[in-house]
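Secondary and tertiary structure notes
Chain by chain, the residues:
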Amino acid sequence: MSVLPTSANVSLLALFWAIAFVFFTGALVLCLAIVLRRVRRNHILAKRKIERTAFQAYISAQLVRPPSEGTLQNAPNCHIGDVTTVLLHYFRTLKGEQYEQLKDLITGSDIEAGIIRSSYHGVRGARMRAVRVLSHLNSQSSTHVIFDKLGSVDKYVRITAAKSLVQRGSTFFLGDIINSINDAFPTDVELLAGIISNFGNQIVAPLEDYIRTSDNPIAKAACLEALSQIMPAKTSLNLGTLMNDPSEAVRAATLSVSVNCAHFDDSDPLRLALVDDAISVKIRAAKLACTLRRADVTSELYALTNSSEMWVRYWALRAIWTTGTSGQRFVEALRKTNPLATDVALEMRSGYV
């Protein structure tokens, strides 16, 4: 006769129930904590909104008063993150006397000291916003803080600091800006060029000096690209020498400078670039030849139509086409031996390019 199942392990079942109860209790506590956190956060945000509105109203009231009577000593309490948001909004929208008045109000005040402290703490966005506000001031302390940010471990804070120094026209820090951005983005020529080109014509001579002395090909190429974007009437650089630089990035950037700036050496950077060994330089040269429509480089362009690189052939054929009626006939004649010439001819005749 079989034994009835009356000896079940009650202690194991109790253990399972205990574990389930612990998890259930933990889930309840966690949900309660999330709800309380959300309630507290909403309360804080509502309070900050009221304080921000009061602070903004106070700033507006000071700006309509005579400059000699304005003060921030009695400014209402406001979170420093909201202070920088409000001030940055004003700096972006105000002009003329009110803009200068706001700068004078902040400079040397407790608010400036608070903004400086906030630039060292908090999330990335808050630190970047603080630096942007400081960029509108002219105090020695704000300059020191912005310069200090060029060495930040956060590369995006470095970008903000570099742009801030450029905004203030601090050409003295050109080398530091280049070194900082190049260290954070060692292969990004366009980023560095875009930042330093915002200096405008005042930076042309320092840029040329840096190009002559630098051994960093990426930094040198970025400076040349910046010079091309600034487009001064003339440059004192020897472009023929630069077109023999070992770096293809430098040679390509030199080509852009030759198109946008007059130069005094007797070199022809476009012709040199069309016979360059680097594919990137040849493509840029062919693209520029499309714009310049120079018929005197047709022989160099024709040599590129036999390149193994499709984009070199494509831009060379387009450049020949743009030289005029003779160039169009030349491309038409190549259709028998060069299939890409057929496509380029159809594309150019379509009028959509």
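Each remark here, short or long, concerns the structure printed above.
Predicted, not measured: the structure shown is a model, and the values here were computed from it.

**Focus on the overall build of the protein**
From N to C terminus, the protein includes 19 helices and zero strands. Projecting the C-alpha coordinates of the protein onto the three principal axes gives extents of approximately 100 × 95 × 40 Å. Of all 353 residues assigned to the protein, the portion counted as buried reaches 44%. Relative to all contacts within the protein whose residues are 6 or more apart in sequence, the contacts with residues 24 or more apart total 64%. Separation of charge centres in the protein, based on 38 positive and 31 negative side chains, amounts to 10 Å.

**Overview of the side chain of Lys149**
Its place among the elements puts Lys149 in the loop between helix H6 (140–148) and helix H7 (155–167). One buried charged residue, Lys149, remains without a salt bridge, the closest side chain of opposite sign being Asp148 at 5.0 Å. Excluding residues within four positions of it along the chain, Lys149 makes contact with Ser119, Tyr120, Val131, Val157, Arg158 and Ala161.

**What to know about helix H15 (residues 279–292)**
With 14 residues, H15 extends 20 Å from end C-alpha to end C-alpha; this agrees with the ideal 20 Å at 1.5 Å per step. Tucked inside the fold, the buried residues of H15 contact helix H13 (248–260), helix H14 (269–274), helix H16 (298–304) and helix H17 (310–321). Count one or two residues on from H15 and you reach Arg293, which has phi positive near 55°.

**Considerations on the side chain of Asn338**
Mapped onto the elements of the fold, Asn338 is located in the loop between helix H18 (325–334) and helix H19 (339–350). A polar contact is formed between the side chain of Asn338 and the backbone oxygen of Thr305, at a distance of 3.3 Å. Excluding residues within four positions of it along the chain, Asn338 makes contact with Thr305 and Leu317.

**Section: the packing of aromatic side chains**
According to the stated counting rule, one finds seven aromatic pairs in the structure shown. Ring centres of Tyr156 and Phe185 lie 6.1 Å apart, and the angle between their planes is 70°; on these two criteria the pair is classed as edge-to-face. On the criterion of sequence distance, the pair formed by Tyr156 in helix H7 and Phe185 in the loop between helix H8 (174–184) and helix H9 (189–196) is long-range, its members being 29 residues apart. Owing to a relative accessible area of 34%, Tyr156 belongs among the partly exposed residues under this scheme. Its relative accessible area of 14% is what places Phe185 among the buried residues.

**Remarks on a nonpolar patch on the surface**
A cluster of nonpolar side chains, contributed by Leu12, Leu13, Leu15, Phe16, Trp17, Ile19 and Phe23, occupies part of the molecular surface with about 790 Å² of accessible area. Within the fold, Phe23 resides in helix H1 (residues 10–63). Owing to a relative accessible area of 62%, Phe23 belongs among the exposed residues under this scheme.

**Concerning H18**
Turning to H18, its buried residues are Gly327, Val331 and Leu334. Buried residues of H18, viewed axially, fall in a sector of 60°; they line one side. Turned more than 90 degrees away from the buried face of H18 sit Thr325, Ser326, Arg329 and Ala333, all of them exposed. Its buried side turned inward, H18 meets H16, H17 and H19.

**Quick word on the nonpolar core**
Ranked by size, the top nonpolar core spans 66 residues in total, and within it Leu87, Leu102, Ile177, Ile196 and Leu207 carry the most contacts. The element that contributes the greatest number of residues to this core is helix H11 (residues 217–230), accounting for eight residues. The contact partners of Leu102, leaving out residues within four places of it in the chain, are Ile59, Leu63, Leu87, Tyr90, Phe91 and Leu94. Counting residues in each nonpolar core, the second largest holds 32 residues, with Val281, Ala286, Cys290 and Trp315 among its members.

**Here's the deal with the environment of Arg294**
Its place among the elements puts Arg294 in the loop between H15 and H16. For the pair formed by Arg294 and Met348, sequence separation is 54 residues and the distance between their alpha carbons is 17 Å. Excluding residues that lie within four positions of it along the chain, Arg294 makes contacts with Asp268, Leu270, Arg271, Ala289 and Thr323. In this structure the side chain of Arg294 is engaged in a polar contact, spanning 2.7 Å, whose partner is the side chain of Asp268.

**As for the pattern of salt bridges**
Using the criterion set out here, one finds 18 salt bridges in the structure. Here Arg127 makes a salt bridge to Asp154, at a shortest N to O gap of 3.7 Å. Placement of the pair is Arg127 in helix H5 (residues 124–134) and Asp154 in the loop between H6 and H7, with a sequence separation of 27 residues. A salt bridge links Asp276 to Arg251; the shortest N-O distance between them is 2.7 Å. In this pair, Asp276 sits in the loop between H14 and H15 while Arg251 sits in helix H13, placing the two residues 25 residues apart along the sequence. Side by side, Asp276 and Arg251 carry an identical accessibility label, which is buried.

How each quantity is defined
Residues numbered from 1 in each chain as written. Predicted model: local features only at pLDDT ≥ 70, side-chain atom pairs only at ≥ 80, totals over all residues. Heavy atoms only, no water. Helix = DSSP H or I, 4+ residues; strand = E, 2+ residues; numbered from the N terminus. Buried < 20%, exposed > 50% of the residue type's maximum accessible area, 1.4 Å probe, protein only. Contact = heavy atoms within 4.5 Å. Lys, Arg positive; Asp, Glu negative; His and termini not counted. Charge placed at Lys NZ, Arg CZ, Asp CG, Glu CD. Salt bridge = Lys/Arg side-chain N within 4 Å of Asp/Glu carboxyl O. Expected span 1.5 Å × (residues − 1). Polar contact = N/O pair within 3.5 Å; in protein donor to acceptor, adjacent residues only side chain to side chain. Phe/Tyr/Trp six-rings, centres within 6.5 Å; stacked < 30°, edge-to-face > 60°. Patch = residues over 30% accessible without salt bridge, like charges linked within 9 Å, V, L, I, M, F, W, Y side chains within 5 Å. Areas by Shrake-Rupley, 256 points an atom, 1.4 Å probe, with all protein chains shown as cover. Arc of directions from axis to C-beta. Core = buried A, V, L, I, M, F, W, Y, C linked by side-chain atoms within 4.5 Å.

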